[in-house]
Amino acid sequence: TMPPEEEIYFLSQVNFVPLGSLRDLVIYPHTRGQMKERGRTDDEVYECLKWAYCSPLVQGEKDRADLEFIEQGAVIRPRLDDVRDWGKDLSPGQKQKLAFARLFYHRPSFVVLDECTNGISPDVEQTIYTKCSEMGLGVFSISHKVELKGFHDLELRYLGDSVGS
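Quick caveat, the model's predicted, so the values are computed rather than measured. (Residues numbered from 1 in each chain as written. Predicted model: local features only at pLDDT ≥ 70, side-chain atom pairs only at ≥ 80, totals over all residues. Heavy atoms only, no water.)

Caption draft 1: View of the pairing of strand β5 (residues 138–142). One ladder, built from 5 bridges, connects strand β4 (residues 110–114) with β5; its direction is parallel. From the neighbouring strand, leucine 113 faces β5, where its bridge partner is serine 141. The parallel pair β4 and β5, bridged by helix α6 (residues 122–134), forms a crossover whose chirality is right-handed. (Pairing = 2+ DSSP bridges. Helix = DSSP H or I, 4+ residues; strand = E, 2+ residues; numbered from the N terminus. Right-handed = clockwise from strand over helix to strand, strands pointing away.)

Here it is in structure tokens:
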């Protein structure tokens with residue numbers, strides 16, 4: 001049987017970036033009111049951003065955050081309530097990481113990952129895939145990357161021939 005729609009997520013190479021605050025990007029399609037009704041917190045949002053390597057909080061000794069911008073010589077680390085032109089401000093890799101933060105927040109049973117890590121470094125990609133496994137997500141990957149085979153139990157190959165094998 002088919003699982004309910006909310007239990008399946010699909011991440012593609014080019015990710016949708018909703019309008020709104022940083023929080024809105026993570027909890028979409030939920031609103032802040034729905035987030036509160038479900039008993040979810042900003043700490044959870046920050047945790048999902050951290051797992052996806054797009055946290056605006058300083059991590060480690062480098063005095064840098066995974067998500068920060070330089071504007072007029074000043075370092076800007078957005079807060080959850082900050083609204084920006086995210087579609088323009090975020091790099092393709094940052095958009096992919098934010099899509100994973102959204103995935104981690106919603107925690108569906110199944111996720112289809114369609115070439116959605118091409119803008120992410122291999123070490124971060126491995127950590128993100130490991131997090132998906134730790135969360136018990138059923139992951140279906142569409143990818144040309146041989147390195148991702150280790151995160152899957154089965155492989156399905158299409159030959160792309162005229163008979164569709």
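Caption draft 2: Region of interest: the sheet that holds β5. The strand order β1-β4-β5 describes an open sheet built from 3 strands, whose pairing is parallel. Of all the strands in the sheet, just β1 (8–11) and β5 have a single pairing partner and so form its edges. Neighbour-to-neighbour, the strand axes of this sheet turn through a mean angle of 15°, independent of strand direction. Lying over the sheet, helix α5 (residues 92–106) contacts β1 and β4, oriented at roughly 175° with respect to β1. (Axes fitted to C-alpha atoms, helices over the stretch in contact; angles between N-to-C directions. Contact = heavy atoms within 4.5 Å.)

Caption draft 3: Up close: the layout of surface pockets. Here the largest pocket defines a volume of roughly 740 Å³. Lining the largest pocket are 23 residues, and of these Ser141, His152, Leu154, Glu155 and Leu156 lie nearest its centre. Those elements that place two or more of their residues in the lining of the largest pocket are α6 and β5. For the lining of the largest pocket, the residue count by class is 13 nonpolar, 5 polar and 5 charged. (1 Å grid on protein atoms, 1.4 Å probe; cavity = no way out; pocket = protein on both sides within 12 Å on 5 of 7 lines; lining within 4 Å. Points joined across faces, edges and corners; volume = space filled by probe spheres on them. Nonpolar A, V, L, I, M, F, W, Y, C, P; charged D, E, K, R; others polar.)

Caption draft 4: Region of the structure containing the state of the cysteines. Inspection of every chain in the model, using the stated rule, returns 0 disulfides. Here cysteine 48 is not cross-linked by a disulfide; its sulfur's nearest cysteine counterpart is in cysteine 54, at 9.4 Å. Residue cysteine 48 is classed as buried on the basis of its relative accessible area, which comes to 1%. Sulfur of cysteine 132: no disulfide; nearest cysteine sulfur belongs to cysteine 116 and is 8.3 Å away. (Disulfide = S-S within 2.5 Å. Buried < 20%, exposed > 50% of the residue type's maximum accessible area, 1.4 Å probe, protein only.)

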